[in-house]
Amino acid sequence: MKFSRVMAIAKKEVFHIIRDPFTLALALLLPVMMVSIFGLAIEFNVQNIKIAVFDEDRTTSSRKLLDTLSSSHYFLINPAKNQIEAIHLVDQQKDRAALIIEKNFEYNLFSGRGAKAQLMIDGSDNSTVGSVLSYFGSMQKIAFEKIAAKKLPTDVHLKTRFIYNPELNSRWFIVPGLMVVVLAILSILLTSLTIAREYENGSMELLLSTPVRSLEIVLGKLTPYIGLGLSAVLFVYIIARVFFEVPFLGNHFVFLTGCFLFLSTCLAQGLLISVTTRKQQISMQISMMTGLLPSLLLSGFIFPIESMPLFFRGLTAILPVRWFMNISRDVFLEGSGLYELKYDFLALLLICSVIVFLASKKFKRDVEP
Amino acid sequence: MNEIAVRIENLVLKFGDFTAVNNVSFEVTKGEVFGFLGANGAGKTTTIRVLCGLLVPTSGFVEIAGTTFENAKNANLIKSKVGYMSQKFTLYNDLTVEENVAFTASLRKIPIEVFEKRKKELFEFISFRKPQSTMVRDLPSGMKQQVSLLSSILHDPEIIFLDEPTAGVTSAARKKFWELIKSLARTGKTIFVTSHYMDEVEQCDRIALMKDGALIALDSPDNLKKSTFPGPLYELSPKRSLNFAEIENVRQGNYFASFEAYGHRFHAFPISEEKWKDFKDRYEQDFEIKEITPTLEDVFIHLEEGRNK
C-alpha cells in the first residue's frame, strides 16, 4: 500500500466534496437541522395540561385539592359549571381531562367512608394519558397530606429519586443520542454515494486501469468522510455542552473510541451498499432505509428497546446504532467506562469487523482481477 | 524481425456460464495500429480489459509487452506498461484539467519532475490552448477525449488501448484524434483501437473482427476486401420502385452470396459467373448495374451475415 496514492485519492475527494453543493449542504446542514429539530422541538415533559373541573362539594377540602393541582405547573384548571359542561369541554378537546368532585366529598372523607372524585381523561392521545396519570397520582398524595394537615399514616413510604438525570430533562436524554443519529446518517449516506458515483461516471475504470490497490481506494475515499464525521461529532458535542448544558461525566477517550468504532462501521456499511448497487439513486434509498430508519426507530433513541416485541429486540442486536446509542448515553450521563460498557463495545466491534470484512471482500473482488 | 507487443493464444474468458471471449488467438506487432471491431457484446471490451490487466483470463496464454498474464499477480506490472482509455468517459467533470491529470499522475506515482516535463510535452502534442484551470465539464467533448487520451498516456506506456475513443465527438475532432493516434504510432507505440466509424477503421494497419466472442477475420483492410470479395461486387439501383415481393424473389433466386440493401440500392456479390449471367438475363431491365470496389462496410456486413447463415 502506498500512502501517497491514498492521499491523492483523499485530496481528489475533498475537491468533490467542496464543489458539490449537495454533499456540502448535507454535511453542514444536517447536524444543525437535527440538533434544532430534536434538541429544541421534541419535548417529552408534558406541562400545563388543561383540565376541566366541576367542584360540586365546594368545601375547604375540595378547594385544597384543587389548589394543589393548580399550584403545580403540570395542570391548568378550567372551572366548569356542571358535570355536563366538564365532559363537554373534554369532548370538544378544549381540555385534556375532566375532574368531577362529588357532593359530600369532605363529609365522606372525614367520616371514613372514602371520598370520591372522578377523573376522566381523553384516551385518544396516549402520550398525555401517562403523564396525567402519573402527575395526578403524586398530586393526590400531596393534596391529602394538606387536607389532613398531617402526614397520612402509611405503612410503606415510597420516595422516588431519579439518578443521572434528576429532573428527567428530556434533552439530556435526546442530545447524546442525537450525536449517534447524525453520525450514522451522515457517514452511511455520504460514503454510499461516493463510490457509487465512481461507478456511475465510469471513472472507476480510470482508477482500475492504474496500479492502485483496492485498500488504497477505500482508505483514500473514506479519509475525508472520517474527518467530516468527527467534525459533526465535535459540533454536536459543543452544542450539547454549551447550549443544552448536558453534563459529560465519562471519559473523552472512551467516547472517542466508541465514535471511531461506530464511524468505521457506518462507513463500511455505506461502502457495502455502494459496491453492491453501483447506482447513486438506489444507494441513497438503501442508505436511508438501513441508516436513518433504524437509527431513529430501532436504536432506543426515542422508543425504548425493552418495550419492543421479542423479534425487534433481537433485530436491534445486529444494529450498530443500538450499541453506540448505549455507549453515548452512558458515557455522557452515567460516566460509564470501558468496563461497564464492555458488552456494547464488544458487540460494536464484532458488527464492525463483519461489515468491514464483507465490504472489503466484495470491493476487492470487484476491483482486483 | 518485428517485435511482438501483444500475443494471445486460445484466450477464453467466462463470466459464470456465459463465454464472453471464446478461444481467440492473435498477435500484434510493435508500432502497429490495430483495429478491433464487432457489434456491441461481441467481446471487444472484455478482450481489451484482459489485455489491460483488469480481468484475469479463464484460460489461454496472454503476453503483453513482454509480461505474461495468467493470474492476478502480474496485473499491476501490466497496468504500468499499458495505457487504457475506456469507452466510458473517465475524467472527473468537477475537477480542472490540471487536477485530473495530476490525479492520474499521482496514482501512477510519476515523479514530479518527470510529470511536469511529460505534461508540457503532451499538452503541446494535443495542442491544448485553453487554460489548464478550466473545469473538465466546460470543455467541448472532442477536447475532453483528447485530455482523456493525455491522461492515459502520461506514464509513457508501450501499448495504448483505446475503446471507442471517438464516440460522440464531431467529425473535425475525430479527424484530429486520429492524427494524434497516427503520430503516436510513428513514435513506436502500439495502438489498439475499437471504433464504429468505417473511415477510421480504414486507417488501421490491421483489423480484427469479433463476433459472439470469436475472432472471425483478421487482416489488413485491403486484404480483407480482396479475400472477402474475390470476384466483382455490383451495385444495383432499381430503375422503378420494386415492391417487397419482387426483391424477395431476387433474394430467393440464389444468385448472390450477399445481397444487402444500402438505402434504396443494393450491393450484390454473385455466387458464380453463371449465376450472374442468369441474373442479368432475367433482371437487367429492372436494375442499373455498376461494378464497385468493396468498402470495409461491405466486408463486415458480408462476414457477419455469412456467419449467421
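Definitions and limits used
- Residues numbered from 1 in each chain as written.
- Chains lettered and ligands numbered in written order.
- Predicted model: local features only at pLDDT ≥ 70, side-chain atom pairs only at ≥ 80, totals over all residues.
- Pairing = 2+ DSSP bridges.
- Helix = DSSP H or I, 4+ residues; strand = E, 2+ residues; numbered from the N terminus.
- Buried ≥ 20, exposed ≤ 12 C-beta atoms within 10 Å, placed from the backbone.
- Axes fitted to C-alpha atoms, helices over the stretch in contact; angles between N-to-C directions.
- Contact = placed C-beta atoms within 7 Å.
- Core = buried A, V, L, I, M, F, W, Y, C linked by C-beta atoms within 7 Å.

Chemist: Can you help me understand the pairing of strand β4 (residues 59–64) of chain B in this one?
Modeler: The side chains of a regular strand alternate, residue by residue, between the two faces of the sheet. Residue and element names in this part refer to chain B. Bridge count for strand β1 (residues 4–15) against β4 is 5 bridges, and the pairing is antiparallel. Bridge assignment links Arg7 to a residue of β4, and that residue is Glu63. Note: β4 against strand β5 (residues 67–68), 2 bridges, orientation antiparallel. Considered in β5, the bridge of Ile64 is made with Thr67. Two successive antiparallel strands, β4 and β5, enclose a turn made up of 2 residues, where Ala65 displays a positive phi of approximately 50°.

Chemist: Before we go on, may I ask you to explain unusual backbone geometry in this structure?
Modeler: Glycine aside, residues mostly have negative phi, and peptide bonds are mostly found in the trans state. All names here are of chain A. A positive phi angle is found at Glu245, which is not glycine, with a value near 50°. Turning to its location among the elements, Glu245 is positioned in the loop between α9 (214–243) and α10 (252–277). By C-beta crowding, Glu245 is classed as exposed, having 11 other C-beta atoms within 10 Å.

Chemist: Please clarify how the sheet that holds strand β6 (residues 82–85) of chain B should be interpreted in this entry.
Modeler: For sheets, the rule is that strands pair by backbone hydrogen bonds, running either parallel or antiparallel. Residue and element names in this part refer to chain B. Read from one edge to the other, the open sheet built from 6 strands follows the order β6-β7-β8-β3-β9-β10, with strand pairing classed as mixed. The open sheet is flanked by β6 and β10 (214–219), the only strands paired with a single partner. Across this sheet, the average inter-strand angle for adjacent strands is 15°, counted without regard to direction. The sheet contact formed by strand β9 (residues 206–211) and β10 spans 5 bridges and is antiparallel. Bridged to Ile207 within β10 is Asp219. Where helix α5 (residues 141–152) meets the sheet, its contacts fall on β6 and β7 (159–163), and the angle it forms with β6 comes to roughly 155°. The sheet strands contacting helix α8 (residues 221–228) are β9 and β10, and the helix crosses β10 at an angle near 110°.

Chemist: Where do I start with helix α1 (residues 44–51) of chain B in this structure?
Modeler: Each full turn of the α-helix corresponds to 3.6 residues, which orients residues three or four apart in the same direction. Of all the 8 residues making up α1(B), 7 are buried; the element is thus mostly covered by neighbouring parts of the structure. Of the residues one or two after α1(B), B:Gly53 is the one with positive phi, at around 80°.

Chemist: Quick question: what am I supposed to make of the environment of A:Ile282 here?
Modeler: Residue and element names in this part refer to chain A. Tracing the backbone through its elements, the reader meets Ile282 in helix α11 (residues 280–298). Note on Ile282: 15 C-beta atoms within 10 Å, which makes it partly exposed. A sequence separation of 152 residues divides Ile282 from Gly130, and the C-alpha atoms of the two residues are 41 Å apart.

Chemist: In this structure, what is going on with the nonpolar core? I would like to understand it.
Modeler: Most often, soluble globular proteins keep nonpolar side chains buried together rather than apart. Core analysis: the biggest nonpolar cluster contains 139 residues, and A:Leu183, B:Phe161, B:Ile191 and B:Phe192 have the highest contact counts within it. Among the elements that line this core, the one with the most residues is helix α7 (residues 170–201) of chain A, at 18 residues. Setting aside residues no more than four positions away along its own chain, B:Phe192 makes contact with B:Val28, B:Phe34, B:Phe36, B:Ile48, B:Ile159, B:Ile160, B:Phe161 and B:Leu162. With 22 residues, the next largest nonpolar core counts A:Ile51, A:Ala97, A:Ala115 and A:Ile121 among its residues.

Chemist: Which parts of the structure should I look at to understand the sheet that holds strand β13 (residues 265–270) of chain B?
Modeler: All names here are of chain B. With respect to topology, 4 strands assemble into an open sheet ordered β12-β13-β11-β14, the strand pairing being antiparallel. On the outer flanks of this sheet lie β12 (256–262) and β14 (287–292), each paired with one strand and no other. On average, each strand axis in the sheet is tilted by 25° relative to the strand beside it, whichever way the strands run. In this structure, β12 lies alongside β13, joined through 6 bridges in antiparallel fashion. Each bridged residue has a counterpart across the sheet, and for Phe256 the counterpart in β13 is Pro270.

Keep in mind that these numbers describe shape and distance, not what the molecule does.
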